[in-house]
Amino acid sequence: MTTLPEAKETAEVETCSGTSEGFMGALAIWINKPHVVNRRLCGSRTDHLQSVHKPEFSPEIVADITANLGLQFNVDIAECSKANEGTSNDLVSYLEGSMMEMESNTQEIGEYHGNHINSQEENENMELDSAASDNSSRSGDLLSDVDVSAMIEGCTDDEVLIIVRQLLPKQPERHRNIPELIIIDKANCKGTFIPLKEENSCVVPEIVYNFSLGTQPSPCITLYTSTTDCSTDSERKLSLTWLRNQLLQKLARWSEQPSLRTHVTSLRLVNVAEYSRLYSELKNRYGLHFAKIWPEKTNPEKYVFEDVAIATYLLCLWNTERQRTGVDRKQSFADLGCGNGLLVHILMSEGHPGYGLDVRKRNIWDLYGPGTILKEESIKPSDDSVFPDVDWLIGNHSDELTPWIPFMAARSSYTCKYFVLPCCFWDFNSRFSFSRRLGPMREENGKYRQYLDYIREVGETCGFNVDEDTLRIPSTKRICFVGSSRAYEQANEKSVDEMRKLFLLSRQNSQENSNHNGKDSKICDPSSESSKQWINDFNPRSKVETTRNCVTISEQIKSRVVQTVFAALLACEGGLVKLGQDGHQWRLGGRLTVSDVVELFERGLLQELKSECGGLQTLLRNHSHIFQASGGNVCLRDFTLDDPFEGRYNKGRNSDKTAYHKTTLCWFHENHPDGCPKMAERCMYAHGAEELRSKPKKTKS
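Note that this is a predicted model, so its numbers are computed, not measured. (Residues numbered from 1 in each chain as written. Predicted model: local features only at pLDDT ≥ 70, side-chain atom pairs only at ≥ 80, totals over all residues. Heavy atoms only, no water.)

**Q** Where do I start with the overall build of the protein in this structure?
**A** The helix and strand tally for the protein stands at 17 helices and 22 strands. A burial count over the protein gives 51% of its 701 residues as buried. In the protein, 66% of the contacts between residues at least 6 apart in sequence involve partners at least 24 apart. (Helix = DSSP H or I, 4+ residues; strand = E, 2+ residues; numbered from the N terminus. Buried < 20%, exposed > 50% of the residue type's maximum accessible area, 1.4 Å probe, protein only. Contact = heavy atoms within 4.5 Å.)

Take a look at the structure:
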């Protein structure tokens, strides 16, 4: 028998105003989505899920479950044997949550060996009934997409829920999975987490921990642990310090939320463990190398690793497809609007035949070598823009081609599939108009969600069974759609294509009716047999990249905007007044929302700025030496700080700005009524023309 230390000495309390339902939802998040609170994890995998009547709950059941999975308790016997002798509770009492109820007695976990339960094969389509079955048992293997909260809701007060999960590390090449046995006692608002290990593996000093929601003397969540010793935290997968300082507080805050998304929303269509392993491999194989030599103007920290993540997702998705269909041949693809081409390079390097098309060649294309096929050509929706030679069409931030990707895939061949990651809001022949919605779009949905619903509708109208998933990429636009199967038989292809034509024609007519330029939209009737073009007024992206970051705005307009916003910030009520380095008062001013700033200017000026891709906010951010625009607010940059730009230049490749010292006049010295709060020798900008230095010449790397 193995004993645990007294629980009363190991309690940590966090005040919480949450309900029992909120507490159970918070536990479900930690069970289902541990990566949202622990960034060293990429997710979890549920290996077993079962509810049992408390009177029938026995050590043999738990032993059978763990042994059947090749696991056993990970308990430090040498440490636990030091516990005081006394009246011991058995495993059943402990697993029901009696850790909270112990007085001065010790707690014991017995090592029992029962009969093995025959395992089931992985069943991806397993349906879990939230109501209790006749024997109150619901179980299954590898239930990675299970919403544990639904199972908790289905438990009665005389049941406990038994879960075995694997915590999946983000770096599987360095760390092993962390198996845990979890016991949820809904009636008593308790959740107990017991570390497990693989059979015959060495014991690692992990922690048994228990969360409990209490109301006396005030609402709180209490954390009980099997030890108070933090000295071995560095050896533990989940340290005691982290449980106390991070997880306990997160659970308390989640419990207070009125509604929680407890189910997994990202990477639902792929195996998370396989994704994590492969991403780590591809990051080391491609990401680190190309981030160092990146010749584009874009930030490699975002674009390189975003493409690595998308490539990982597609490779996992395609691997699952091959396993399901029993086909060994690797899928072929065409990436439409491939941009920098890195996604094409990775997929082809991993053995998938394919190519990328884009209207404009990028500098990095020459670095990939002849094995990566990238073509500089424009794509216009027509009978010529079908791809019967490939299995998949890819639209990765494909802008004006986004709604066309499902259309082209549907007409390429009956077996052609598609992956699309929508970004900018485009319709078939214009920017997407939110005033002419189709389908069940609701007013309370944001524009991004409305556009996503529209792209899903396009896919479904084209005859696909459309799956939605969320990628884990460094972007705010992370939701993708996968059309991997058809919703109709191949014999019905002609009638379905007629529906596609009618849908496209309806969108063209709608565009003509809402045309704000007073020009007639040239409608090409796609039902015409003689028409090779699917639409006449489609405008592909220009081959020449236009600069659209407000640099083409006249200096007079820029100066007017800057001075107007500056004056408004200084005039804010309750504006801050700080001390400069020489002791004089310096007005920092107040803070305005972006909407407040917009009200300062007429509509014509705002439209001119908007045409420069980003508009007013972009102009203000381009003047970051004056303004700080973030989080929907604008204020003056605080030059009383030692480093007014702290954190701004840390992420770029060229973070050393010393070469630009005194190469630009100080705007505050020239324009602020109080001057610059910094003394001339300590300001990075020139206080007068006599301090100006020449800017260093830019050299190509």
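**Q** Help me understand the nonpolar core, please; the structure alone is not making it clear to me.
**A** Inside soluble globular proteins, nonpolar side chains tend to come together where they are buried. Counting 45 residues, the largest nonpolar core has Tyr313, Leu347 and Phe419 as the members making the most contacts within it. For this core, the secondary-structure elements that each account for two or more residues are helix H7 (272–293), helix H8 (300–325), helix H9 (342–349), strand E14 (392–396), strand E15 (417–421) and strand E17 (479–486). When residues in this core are grouped by element, the largest group, 12 residues, is from H8. Ignoring sequence-local partners within four residues, the contact set of Leu347 consists of Ala311, Leu314, Leu315, Trp318, Phe333, His352 and Ile394. (Core = buried A, V, L, I, M, F, W, Y, C linked by side-chain atoms within 4.5 Å.)

**Q** I keep staring at unusual backbone geometry and nothing clicks. Help me out?
**A** Both trends apply: most residues other than glycine have a negative phi, and most peptide bonds are in trans. Positioned with a positive phi, Cys189 is a non-glycine residue whose angle comes to about 55°. With respect to the helices and strands, the residue Cys189 is situated in the loop between strand E7 (178–185) and strand E8 (190–198). A relative accessible area of 11% places Cys189 in the buried class. In this model, Leu267 sits at a positive phi of 55°, which is unusual for a non-glycine residue. With respect to the helices and strands, Leu267 occurs in the loop between helix H6 (240–255) and H7. When its relative accessible area of 2% is taken as the criterion, Leu267 is described as buried.

**Q** In this structure, what is going on with the sheet that holds strand E21 (residues 627–630)? I would like to understand it.
**A** Strand pairing in a sheet is mediated by backbone hydrogen bonds. Such pairs are either parallel or antiparallel. Within the open sheet, the three strands sit side by side as E20-E22-E21. Their pairing is antiparallel. With one partner strand each, in any of the chains shown, strand E20 (591–593) and E21 form the two edges of the open sheet. On average, each strand axis in the sheet is tilted by 20° relative to the strand beside it, whichever way the strands run. Two elements, E21 and strand E22 (residues 633–636), share four bridges in a ladder whose sense is antiparallel. Residue Ala629 lies in a different strand from E22, and its bridge partner there is Val634. Strands E20, E21 and E22 of the sheet are contacted by helix H13 (residues 555–570), whose axis makes an angle of about 85° with E22. (Pairing = 2+ DSSP bridges. Axes fitted to C-alpha atoms, helices over the stretch in contact; angles between N-to-C directions.)

**Q** Looking at this model, I keep getting lost on H6. Mind explaining?
**A** Because the α-helix completes a turn every 3.6 residues, residues three or four places apart line up on one side. Counted at 1.5 Å a residue, the expected span for H6 with its 16 residues is 22 Å, and the 21 Å between its end C-alpha atoms agrees. The sharpest bend along H6 reaches about 30° and sits at Leu247. Every buried residue of H6 is accounted for by Leu240, Trp242, Leu243, Arg244, Leu247, Leu248, Leu251, Ala252, Trp254 and Ser255. Those residues of H6 hidden inside the fold are in contact with strand E2 (11–15), helix H1 (20–32), strand E9 (209–214) and strand E10 (220–225). (Expected span 1.5 Å × (residues − 1). Bend = angle between axes of the 7 residues up to and from the residue.)

**Q** Any chance you could explain the packing of H7 against H8 here in plain terms?
**A** In a pair of packed helices, the angle between the axes and the distance between the axes together describe the arrangement. Remark: H7 packs on H8, axes separated minimally by 9 Å, with the N-to-C direction vectors making an angle of 140°. Judged by the sense of rotation from one axis to the other, the crossing of H7 with H8 is right-handed. For the pair H7 and H8, contact is made by Glu274, Tyr275, Leu278, Tyr279, Leu282, Lys283, Gly287, Leu288, Phe290 and Ala291 and by Pro300, Val304, Phe305, Val308, Ala309, Ala311, Thr312, Tyr313, Leu315 and Cys316, respectively. (Left-handed = near helix turned anticlockwise from the far one by under 90°.)

**Q** Just checking my understanding: could you explain the pairing of E10 for this structure?
**A** Look at any regular strand and the pattern is simple: side chains alternate between the two faces of the sheet. Counting buried positions along E10 yields six of six residues, so the element is predominantly enclosed. Neither face of E10 is left uncovered, since the one carrying Cys220, Thr222 and Tyr224 and the one carrying Ile221, Leu223 and Thr225 both have all their residues buried. Of the pairings in the sheet, the one linking E2 to E10 comprises five bridges and is antiparallel in character. In the strand pairing of E10, Ala11 is matched with Tyr224. With six bridges joining them, E9 and E10 adopt antiparallel strand pairing. Considered in E10, the bridge of Leu213 is made with Ile221. Following E9, the chain reverses through five residues before pairing antiparallel with E10.

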